[in-house]
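Residue-level structure breakdown
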Amino acid sequence: MFRAYAQSWDQSRDRVQLAYIYEDKQTSFIHALAQGGEHGYRENVLRVAILWRRDSDNITYNWFKAGWSAEEASRENSHTMLTEMVQNLLVNKEILALTTPLPLLIDEHAQTLLTRVWVRLLEWGDRAYHALLSFDIWTITTMIMSMFCIFGVGYIMRQATLLEEESVTGRRSQQQRNIPRRRKEAVVCIQELRGMTYDPLVRNSSAGNITVVLLLTEESQDKLLQRFSEIVQPYSMSRFFTFSFLQLEQYLPWYRHLLEETLDFKRNLDINIRNCIGTVLAINGYRKYYCVYHATTMRKKEGAGSFMGFDDSSDSSDYSDEEVSKIEGAIFEANLLDGLNNWLERFYEGSLRRFKVEYWPSMGE
């Protein structure tokens, strides 16, 4: 047996050590050696390798190609040949030709993870037990009582804090219930349509945006703007509506140009500024169309395309200013926007006539 041969080895023990490993336990080690070359494996013959650790990371080795025979008749021959090979290596008659990185060996007697954890816990428990025994009993009792007192006081303070928070929350809720609630109303932002705001509100407005413009004079501005803001307030929450007003004293030519462009410049309009007060334009700057609200058309219940007398058979220029005042005198300034709410609903539904334009006139025209 190879174990008996290793025990009887008495030559150069300071330089040669004999050992054996189990192939089924150290598979990675055997696999690393087998990569280096032929080892002469035969049935009933054990593989034997002669190793020399060249440095900390690499080894050189050779296979004993004859192998260690398990048969009784060939065992003495294996003994002689292996001894001769080792002696030749010691006197440099042979060399170790194969080299491989030093394989890792598995600790076959290592404990499992659970066992190691359990042993470590037992060690810590034993240390804690002996550490406690080294203290005086009164010292330990005092420490335990102090910890209980600290945790008890902390728990009591925590409960007291929670009760105080609940009390403050209850008083605050009661105070809030006692305060009368004020109705939050949306603030309507109404801009003035003029040269500086004309491009963002009309010419360069985004797709889907509608600019609702109220035409007024400086004299009627306060009354009409107040009434206008009350009517359009439900629509102010929509991001598609923008509200503004136009001073007729300054921009009546622009309004005249817009109407004449709608008529393909077939008529030259002589517009009375008093008849334009309270007119509302809903302008879609991106798609180049607008709708018109005027108190007289709403009262006459004319079609959506009838505004400022465009569909009338007679021309407004046939009347004198005094006659026009009598005709329009039935509508007071405070009532000019009474029909605007219904008109906005119809506009929102898309049932109003839209007047297309090729371009938006300049504010300077």
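Further up the page is the structure itself.
A few points on the structure. (Residues numbered from 1 in each chain as written. Predicted model: local features only at pLDDT ≥ 70, side-chain atom pairs only at ≥ 80, totals over all residues. Heavy atoms only, no water.)

1. A few points about the nonpolar core
- Leu-214, Trp-254, Leu-281, Tyr-290, Leu-337, Leu-340 and Trp-343 are the most contacted members of the largest nonpolar core, which totals 54 residues.
- Elements supplying a minimum of two residues to this core: α6 (195–203), β7 (210–216), α7 (221–232), β8 (241–247), α8 (248–262), β9 (280–284), β10 (289–293) and α12 (340–349).
- Here the element with the most residues in this core is α8; it accounts for seven residues.
- Those residues in contact with Leu-281, other than ones at most four positions away along the chain, are Thr-211, Val-212, Val-213, Leu-215, Trp-254, Tyr-255, Leu-258, Tyr-290, Cys-291 and Val-292.
- If you look at the next biggest cluster of nonpolar residues, it comprises 13 residues, including Tyr-5, Trp-9, Val-16 and Val-48. (Core = buried A, V, L, I, M, F, W, Y, C linked by side-chain atoms within 4.5 Å. Buried < 20%, exposed > 50% of the residue type's maximum accessible area, 1.4 Å probe, protein only. Helix = DSSP H or I, 4+ residues; strand = E, 2+ residues; numbered from the N terminus. Contact = heavy atoms within 4.5 Å.)

2. What about the pattern of salt bridges?
- Under the counting rule described, the total for this entry stands at six salt bridges.
- In this structure, Arg-47 and Glu-23 form a salt bridge, with 2.6 Å as the shortest nitrogen-oxygen distance. Remark: Glu-23 occurs in the loop between α1 (2–8) and α2 (27–34) and Arg-47 occurs in the loop between β1 (45–46) and β2 (49–53); sequence separation between them is 24 residues.
- Classification of Glu-23 by relative accessible area gives partly exposed; the value is 41%.
- Salt bridges linked by common partners bring Arg-227, Glu-230 and Asp-338 together as one network. (Salt bridge = Lys/Arg side-chain N within 4 Å of Asp/Glu carboxyl O.)

3. Things to note about the environment of Gln-233
- Tracing the chain through its elements places Gln-233 in the loop between α7 and β8.
- Along the primary structure Gln-233 and Cys-189 are separated by 44 residues, whereas in three dimensions their C-alpha atoms are 9.4 Å apart.

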